[in-house]
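Structure assessment
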Amino acid sequence: MNMTLTREKESPAIEIDNVGSAALTEKVYETSNLNLWYGENHALKNINLDMHQNEVTAIIGPSGCGKSTYIKTLNRMIELVPDVKTTGQIKYRNRNILDQSYKVEDLRTQVGMVFQKPNPFPKSIYENVVYGPKIHGIKNKKILDEIVEKSLKGAAIWDEVKDRLHENAYGLSGGQQQRLCIARCLAIEPDVILMDEPTSALDPISTLKIEELVQELKKDFSIIIVTHNMQQAARISDRTAFFLNGEVIEYSDTNTIFSNPNDKRTEDYITGRFG
Amino acid sequence: MNMTLTREKESPAIEIDNVGSAALTEKVYETSNLNLWYGENHALKNINLDMHQNEVTAIIGPSGCGKSTYIKTLNRMIELVPDVKTTGQIKYRNRNILDQSYKVEDLRTQVGMVFQKPNPFPKSIYENVVYGPKIHGIKNKKILDEIVEKSLKGAAIWDEVKDRLHENAYGLSGGQQQRLCIARCLAIEPDVILMDEPTSALDPISTLKIEELVQELKKDFSIIIVTHNMQQAARISDRTAFFLNGEVIEYSDTNTIFSNPNDKRTEDYITGRFG
Amino acid sequence: MKLINKSHVAKKMPARLAVNTICKGLFFLATLVGLLVLAILFYRIFTQGIGSLNGDFLQNFASRKPEEAGIKAALIGSIWLMVVVAPVSLLLGVGTAIYLEEYARKNWITTFIKVNISNLAGVPSIVFGLLGLTVFVRALALDRSILAAGLTMSLLVLPVIIVSAQEAIRAVPRDLREASFGMGATKWQTILKVVLPAAIPGILTGGILALSRAIGETAPLVVVGIPMFIAFLPQTVMDTFTVLPMQIYNWTSRPQEEFQQVAAAGIIVLLILLIFMNSIAVIIRNKFQKRY
Amino acid sequence: AGCGSNDTSNSGKGNEAASDQLKGEVITDGSSTVFPIMEAVAEEYMATQPDVKVSVGASGTGGGFKKFIAGDTDLANASRPVKEEESALLDEKGVEYTELKLAFDGISIVANKDNDFIDSLTVEELQKLWIDNGKVKKWSDIRPEWPNEEIKFYSPGTDSGTYDYFNEVILEEKPMVENATLSEDDNVLVQGVEGDKNAIGFFGYAYYSENKDKLKIISIDNGKGAVEPTHETIKSGEYAPLSRPLYTYVANKSVAEKEQVADYTQFVIENAGELAEEVGYISLPEEEYQKDLDKLKELEK
Amino acid sequence: MELRKTETYSVQQMILEKKSKKKINMEKVMPKLLFFTAAISVFTTIGIILTLIFETFIFFDRVSIVEFFTEAKWLPFASAPSYGIMPLIVGTLKVTVIAAVVAVPVGLATAIFLSEYASEKTRRIIKPILEVLAGIPTIVYGFFALTFVTPVLRDLFPSLDMFNALSPGIVVGIMIMPMIASLSEDALVSVPKSIREGAYALGATKLETTIKVVLPAAISGIVASIVLALSRAIGETMIVSVAGGSTPNMSMDVTSSIQTMTAYIVQVSSGDAGYGTTIYYSIYAVGMTLFVFTLIMNLLAQFISRKFREEY
Ligand SMILES: Nc1ncnc2c1ncn2[C@@H]1O[C@H](COP(=O)(O)OP(=O)(O)OP(=O)(O)O)[C@@H](O)[C@H]1O
Ligand SMILES: Nc1ncnc2c1ncn2[C@@H]1O[C@H](COP(=O)(O)OP(=O)(O)OP(=O)(O)O)[C@@H](O)[C@H]1O
Ligand SMILES: [Mg+2]
Ligand SMILES: [Mg+2]
Ligand SMILES: O=P([O-])([O-])[O-]
C-alpha cells in the first residue's frame, strides 16, 4: 500500500541490489547506513539492505560476522544488550523503527522471531503457544484451542505433543523445544518472521518440514532467515545476503549468489575455500 | 592393547554389524542389550552397538529418537537426570561402565564430551580451557599455556581469541562459544570424544574445520558424533547408526548406510521421504 | 483462516503500553519508598547525633556523663563479634546449602532438614538467646565470651545464609555442571570450581543480609548475658564484651536528653560500620556477577 | 580475707591510696533501673583499679536473680526486694547473699502539659483512677467539676519494678484499668503522656525531672497535705508512699573469696549515694549506707 | 596435527601421575562433612526444643493447656492471673499482616523495578542502599516508629492511640521490605535471559513479560524470600515493644495498643519477674507457641512454593 512512497526514495542499497525483478515487489524492510557497536566493538558496518514482501531472505556468513546482531536489530531485540549504539535507519513498512517513538511492542507484534537456542517458557506446551495471543487480548478458549492446534501443526510438532499439551515444555527434546518455539511465534500470525538459525537444533525431517513451511508461509508473510547451512539458503530463499566481519559483502537473488557471485570472497565462502 | 581380550567375547551387536573390516580394529565401546527409562518413558530399547578405535561413528535419526540419551549414557552423564533406570551393559575398553564400581571420573577423563548447546563456564577463555587440566592437578603455568594454545588451535578458534584470552567467554558469539567448548574438551587429550551435534551452532567454515579436525583426530582417538546433518555423517564418519524411537534400526559402515541401506525405514529417512 | 484480528490487537496496544508505563512508574515509586525512608531516618539520626560524634566519642568508654560517653568498647566488641560470626555462619551456611542442593537425596531426612531450616528462620531471636545461654554459656562453659555470643548469633543468622545460598546454587545452569562433569571433574571439584563461583553473588547477598542482622541484634545478647557496660577491651574470643546495639539501646532508655544525642551518634557509628561491610561485599559481588 | 579492711574510714572516691592494685573480674547484672547507678560506680571504680574488669549487665531484676542463682554473677542489682521463689532457689543452691540498699527512686504521677485542672490527687483518688471497675473512666468520675472526658492511662510494663511497686502500694494487687497503655520504656511513656491531652501516667522520677518542661507533675496527698516529688521530699520520705528503694545483692562467697569483689562492693556502698544523684536518683540518708558498710565488714571477717 | 603425543608431555599421563599422588579423597570426605554442617541446623532445633520444653512442661503443670488456648485474656500479672495466649497471637498477627501488606507489594515492586526496568548502574547503586535498610538495628526502627511514624499517622487519623498496631506494623514492613526486594531480585535475575527474549519477541510489554513469564519462573525464590521476611516480622521484638505498647487484647482494631508474643517474652526476660514464678515459665510456653506457629506457617509456604514451582 505504501509502494509509491517506498519508490519515491532511492534505496541506498540499490548499488549492491542487482535483482531486476525485486523492484516490483513491495519492500518490507529498508536498511540504510546501519552501524552498530557493542561498546567499542563495531559489529555492523554501514549495512544497506532491502527485504521484500512475500519473499524469503537468507543471511549467511561465517560465525561471528554479525548475522544474529543484524536480525536482532530488525525487531530491536538488540536493545536488551546494554551498551549498544546504532546509527542509520531501518524502515519497516516505511517507518523508521530505530526512531525511539516507534513502539517496540507494536513492531514485535508484526515481526515474530525464532531464536538460535530454543527458549520455551517454563510452562506447559499449551501455555507456551497461547502466551502471545493471550497477551494480545484473545481470551476465548475455543479460539485459543484452535490457535494451538494450528500453530503446532504449522511447526510440525502437533502429532508428537497433542496428547501432552499440558505437560511442561522442558520435558521435550531440544528439537521438539525449537519446534515449539516456532509454533509459539506462528501463534500471533505475524507479518514478518525472523529466524535465527531456526533449524540448527532440528533433525532433517523436521528441518524439511520447517523448510516446506517456510515456503508455504511466504505466500502470506515475509521471512528473514539466518542460516549456517548454505544448502538451506539455496533451497528456500529468494534472496541471500552474505555477511563478513560485520559488512554485507554481497546481496543478490539467491541464484546469482550461488551460481554466479560477484565478489571473490562470496565465491570463496560458498565453495568452502575460505576462512 | 586389550585387543585379544576384546576378541574373546562374541559381540552381541554382530548381528547387525555387517562391516567386514571392522573386526580387525579394536573395539572401544561394546553396548549390549541396553535399555533406558526416564521414569516410565522407555527411551532406549535393547541397544546393541560396538564402536571401534580410530574411527568416527555417527549417530543419526529424527528428533527425539534417543541420540542424545544414548551418547550421554556412554560417559554416564545420564546419571545427572533423576529417575533414570538402565539395564544391560556398556563395555568401555572391556570394562562395564554401568557397573557402579566403575568411577565415572576415570571414565570421563578418558571420554571427553562436547554438548549440543555451547556451555562455556562464566570465566575467561583461558580459564575455560585450562579447567580440565587444572582439576586433574596440572598446575605448571608453562604447560598450561601450551595446552591452551594447542587446544584452541585444534578447535579452529585460536586466531579469533588469541588476543583476548582473559576476557569472559560469554562475550563470544554462539559459534565461537561452541568451538571454545571443543577446545576445552581437547585440553585433557581424551581417548574417546563424544560429540552431541557439535556443529549445530556453527557456520560452514567452522563446521568444515571441525570436520577436518575430526578426521585428523581419529588417527589418535575414537570419535562418536551425533548429528542431524546427514551430509556430515556421510562426509566424516566410518560407521553410522540410525536410531528411531529409541531403537537402532540399522548400524553399518557409512557407505552401506547411505548407498545401500538394509532397512526400508533407513532408506526412507535418508532420502527424506519419512516422518 | 486468520484467527487473530490484527486491528483489534493494534487497538489494544496503546492501553497495554500505558499499563506498562504506569506500572513502571509504580515500581519506581516503590523503590523510592525504601530510599525515602532511609533518607528520613538518616536525616533524623544525623541531625541529632552529629554533634556528639567526634574523636573522643570513638576513644572513650561508656560513661554516666553524656559528654564523656564513648563507644569504644561497643564498637570493638561488634567488630570482634563479626570476626566470629562471618566465618562460622558462612562456612556452616554455604556447607549446608551445598549439601542440600548437590548431595542430599530426596528422602525424608532431607525434607526434614529443609523444613527445619526454613522454620529456624522464623524462630525469634530471643529464643536463640535462650539456646545460647543453655548450650554455649553453660553446657560448653564458654561463659559470656565473644565466642559464646558469636556462635549464638551464627546459629541465628544461619537460615538466612542457607536459604539464599541454596537459591543461588540452584540458579546455576545445569549445563555448566554437565560441562564440568564431562571433563572428568569430580562432584566436589565441580562444586568448588564451577558452581560456587557462579553462585557467589547470591551467596554474598544473603551473607550481607545475615551479617547486617547479626550486627544489629540486641535481644539474644541480652539473654545470653552480655553486659551493657564494660570499660575494657577484649583480648581474645574468650573475653567478655559488649556490642553497639546494646550500648545504643541502653542510651536511648536514659532519661537525659543528652543521652538521646549520644545514642544517635552511636547509631551513626553502627551505620558506618554497616555501610563499610556492605561495600566490601558489594565490590566482591559486582566483580563476580554475570547474567547467563 | 578482706583487703580494704584497713581503710574503711576512707569515704568518697579516693580509694587509690587504699591498697595495692587488684586484679580479676567483678560481674554484676540485673535491674535496668539500677543499671545507671552501677554503671557510674563501675566507671569510677575502674579509674582507681584499672586492672579489675567490672562488667554491668541489664537483663532485668528477674534475669539478674536467675544468673545470681546460677552463680554466674557476683552482684545482682534489683529494683525490688528478692522474691520468695527466688530466695527459695538461692537456698537450694546454697547461695548466701547480703542485701544492700543503693538509692531511692520516686515514682512520679504526671499529666499532659495542657491539663489545667489537675494539681494534686489523694491516694484514694489514685486508687479510684487506676483500679479497674469494668467501666470507661472519665475525669468527672473522680471529681465532678472535672471535664466529662475519657481518661487515657499510661503505665510502665507489668513486669517492671516500677509497676510492681505501684501495684503493691496503690493498686494493692487489684487489677489495673484495662485500657491502660503499657510500655516497657519510660521514655516511651513520656512521649505518650506528652502527646495525649487526657493522659495520666507514672514512671521513675528521673524521667520526670529530665522532662519537666513537657509534663505536668501531680502532687500526692497522703493525708498530710499535697506533696510534690522533689529531691528533698523523696529523700526525707515526705513524698509517700511512692518512693521505692533500689538494691543490689552481693554473694557472700564472692566477698569472702575474691578480694576485688569485696573492694568493689565497699566502693559501691561508699559512692552509690553521690553517683545515684548524678544519674537522676536520690540518695539514701547517710546512716543507711553506714549500716550496709557494717554488714559488709561482717562478711569480710 | 598431533594432539596426543607431544615430544614433551602427555596430558593423560600427567593426570595419571597426579591421581596416584592424591592423599585424601575429597569425594568421600566432603559429603560427610557437609552433611554434618547440615545436621547442625537440626541440632539447633533440637536444642531449642529441649531448652523450651522443660520449662514449658513446668508451666503447663501450673496452668491448664486448655485454658492457655481457650481463655480470651492474657493477664499474667493480675492477682487472679489469666493465661490465654490468643490476645498475644492476635497482636502478632496484626503486626505481621500489616507488615506484609506494606512489604510484599513494595518489596516485589522494587525487585521487579531493579531486575527488569532499571539500568545495570541504577541496580548496582540502589540494591546495596536497600540492604543497609535491612541492617539498621531494630531499636532504631522502634524509635522511628514512635517518634516519626506514629505522629504522622496521628495527624492523619486523630483517633489513633499513641501506641497502636499500625505504626509498628508499617515500620516492621519497612524493615523486612529490603529482604524481599533483595532476595526476590536475585531470583528474578537468575531467570535465563533467553526466556525473556522469547516473550519480548511476541510483542509482550515488559510488564507482561515480567508478570506472566519471569515471575512464575522465579516463584520459588520469591516465596522463599517472603516467608523468610514474614518469619522475621513474626519474630520481631524491639519495634513492637517500643511502638506497640504492651496491652494484650483480642480486638481487631489496629489503632489501639497491642502486645505480641515476642514483646511479651522480652518484657518478662528483661523485666522483673521472679525466677521460678509461673510468669517466668510462661515465656517458655509463649516461645514454644511461637515456634509451633512459625513451623505451621513454613510448612504452608513450602507447600505453596512446591505447587507453583516452574523448572527451567
Ligand atoms: N552481547 C555482546 N556483547 C559484545 N559483543 C558481542 C555481543 N554479542 C555478540 N558480540 C560480538 O559481535 C560479533 C557478531 O556476533 P553475532 O552473534 O552477531 O555473530 P553471528 O554471525 O550470529 O555468529 P554465530 O553464527 O556464531 O551465531 C561477534 O564478534 C561477537 O563476539
Ligand atoms: N530429562 C528427561 N526426562 C524425561 N524425558 C526425557 C528427558 N530427556 C529426554 N527425554 C525424552 O526422551 C526421548 C529422547 O530424547 P533425546 O534428547 O535423547 O532425543 P534426541 O534424539 O537427542 O533429539 P534431538 O535431536 O531433538 O536432540 C524424547 O522423547 C524426550 O522427550
Ligand atoms: Mg548467531
Ligand atoms: Mg539431542
Ligand atoms: O529492670 P527492672 O527490673 O528494674 O524493671
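As the structure is a prediction and not an experimental result, all values here were calculated from the model. (Residues numbered from 1 in each chain as written. Chains lettered and ligands numbered in written order. Predicted model: local features only at pLDDT ≥ 70, side-chain atom pairs only at ≥ 80, totals over all residues. Heavy atoms only, no water.)

Another aspect to go through is the interface of chain C and chain A. On the chain A side, the residues contacting the 10 residues of chain C number 19 residues. A combined buried area of about 1400 Å² lies between chain C and chain A, and 61% of that area is made up of carbon and sulfur atoms. By the criterion of area lost to chain A, the three top residues of chain C are Leu3, Ile4 and Lys6 of chain C, representing 43% of everything that side buries. At the junction of chain C with chain A, the criterion picks out 0 salt bridges. Summed over the shared surface of chain C and chain A, the number is 3 residue pairs in polar contact (both at pLDDT 80 or more). (Contact = heavy atoms within 4.5 Å. Buried area = accessible area lost by both parts, 1.4 Å probe. Salt bridge = Lys/Arg side-chain N within 4 Å of Asp/Glu carboxyl O. Polar contact = N/O pair within 3.5 Å; in protein donor to acceptor, adjacent residues only side chain to side chain.)

All right, on to the packing of helix 3 (residues 72–103) of chain C against helix 2 (residues 26–62) of chain E then. Close contact between helix 3 of chain C and helix 2 of chain E brings their axes to 8 Å; oriented N to C, the two are set at 115°. By the angle between their axes, helix 3 of chain C is roughly perpendicular relative to helix 2 of chain E. Of the two elements, helix 3 of chain C crosses helix 2 of chain E, and the hand of that crossing is left-handed. Taking contact as the criterion, the partners of Leu92, Gly95, Thr96, Ile98, Tyr99 and Tyr103 of chain C in helix 3 of chain C are, on helix 2 of chain E, Glu27, Met30, Pro31, Leu34, Phe35, Thr37, Ala38 and Ile40 of chain E. Residue composition of the contact of helix 3 of chain C with helix 2 of chain E, by class: 10 nonpolar, 3 polar and 1 charged. (Axes fitted to C-alpha atoms, helices over the stretch in contact; angles between N-to-C directions. Helix = DSSP H or I, 4+ residues; strand = E, 2+ residues; numbered from the N terminus. Parallel < 35°, antiparallel > 145°, perpendicular 65-115°, else oblique. Left-handed = near helix turned anticlockwise from the far one by under 90°. Nonpolar A, V, L, I, M, F, W, Y, C, P; charged D, E, K, R; others polar.)

Before going further, it helps to spend a moment on the interface of chain E and chain C. Counting residues at the interface gives 86 residues for chain E, matched by 85 residues for chain C. Between chain E and chain C, roughly 7600 Å² of surface is buried when both sides are summed, and carbon and sulfur atoms account for 72% of that area. Between Glu208 of chain E and Arg16 of chain C there is a salt bridge; the shortest N-O distance is 2.7 Å. Here chain E and chain C share 10 residue pairs in polar contact (both at pLDDT 80 or more) between them. Examining the composition of the side of chain E that touches chain C, we find that 17 residues originate from one element, helix 2 of chain E, more than from any other. In the side of chain E that touches chain C, the residues fall into 48 nonpolar, 25 polar and 13 charged.

Residues and elements named next belong to chain B. On the basis of which strands lie adjacent, the open sheet formed by 4 strands has the order 2-1-4-5 and antiparallel pairing. In this open sheet, the two strands that pair with only one neighbour each are strand 2 (41–52) and strand 5 (95–96). In terms of strand pairing, strand 1 (residues 27–38) meets strand 4 (residues 84–92) through 8 bridges, oriented antiparallel. Along strand 4, the bridge assignment pairs Leu36 with Thr86. (Pairing = 2+ DSSP bridges.)

Turning our attention to the sheet that holds strand 6 (residues 111–114) of chain A. Residue and element names in this part refer to chain A. With respect to topology, 6 strands assemble into an open sheet ordered 6-7-8-3-9-10, the strand pairing being mixed. Here the strands that pair on one side only, and so sit at the sheet edges, are strand 6 and strand 10 (247–253). The average angle at which neighbouring strand axes cross in this sheet is 15°, direction not considered. This element, helix 2 (residues 67–74), spans strand 3 (56–60), strand 6, strand 7 (192–196), strand 8 (222–226) and strand 9 (239–244) of the sheet and lies at about 155° to strand 7. Sitting on the sheet, helix 7 (residues 174–186) is in contact with strand 6 and strand 7, with an inclination near 175° to strand 6.

All names here are of chain A. Tracing the backbone through its elements, the reader meets Gln177 in helix 7. At 3.2 Å, the side chain of Gln177 forms a polar contact with the backbone oxygen of Leu172. Not counting residues up to four positions away in its chain, the partners in contact with Gln177 are Pro118, Pro120, Ala169, Tyr170 and Leu172.

Residues and elements named next belong to chain B. Of all 7 residues in strand 10 (residues 247–253), 6 are buried, a share of seventy percent or more. Relative to strand 10, strand 9 (residues 239–244) runs antiparallel, the two being bridged by 6 bridges. Residue pairing in the sheet places Phe242 in a bridge with Glu250 of strand 10. Hairpin connection of strand 9 to strand 10: 2 residues between the antiparallel strands, including Asn245 at a positive phi of 50°. (Buried < 20%, exposed > 50% of the residue type's maximum accessible area, 1.4 Å probe, protein only.)

Our focus in this paragraph is the pairing of strand 8 (residues 222–226) of chain B. Residue and element names in this part refer to chain B. Most of strand 8 sits out of view: 5 of its 5 residues are buried. Bridge count for strand 3 (residues 56–60) against strand 8 is 4 bridges, and the pairing is parallel. Each bridged residue has a counterpart across the sheet, and for Thr57 the counterpart in strand 8 is Ile224. Sheet analysis places strand 7 (residues 192–196) next to strand 8, joined by 5 bridges and oriented parallel. Each residue of the ladder has a partner; that of Ile193, found in strand 8, is Ile223.

Glancing now at the pattern of salt bridges. Counting across every chain of the model gives 57 salt bridges over all chains. The partner of Glu216 of chain B in a salt bridge is Lys219 of chain B, and the shortest N-O contact between them spans 2.9 Å. When its relative accessible area of 25% is taken as the criterion, Glu216 of chain B is described as partly exposed. Residue classification places Lys219 of chain B among the exposed residues on the basis of a relative accessible area of 55%. A salt bridge links Lys216 of chain D to Asp119 of chain D, with the shortest nitrogen-to-oxygen separation between them at 4.0 Å. Residue Lys216 of chain D is found in strand 9 (residues 215–221), and its partner Asp119 of chain D is found in the loop between strand 4 (97–112) and strand 5 (120–122); the two are separated by 97 residues along the sequence.

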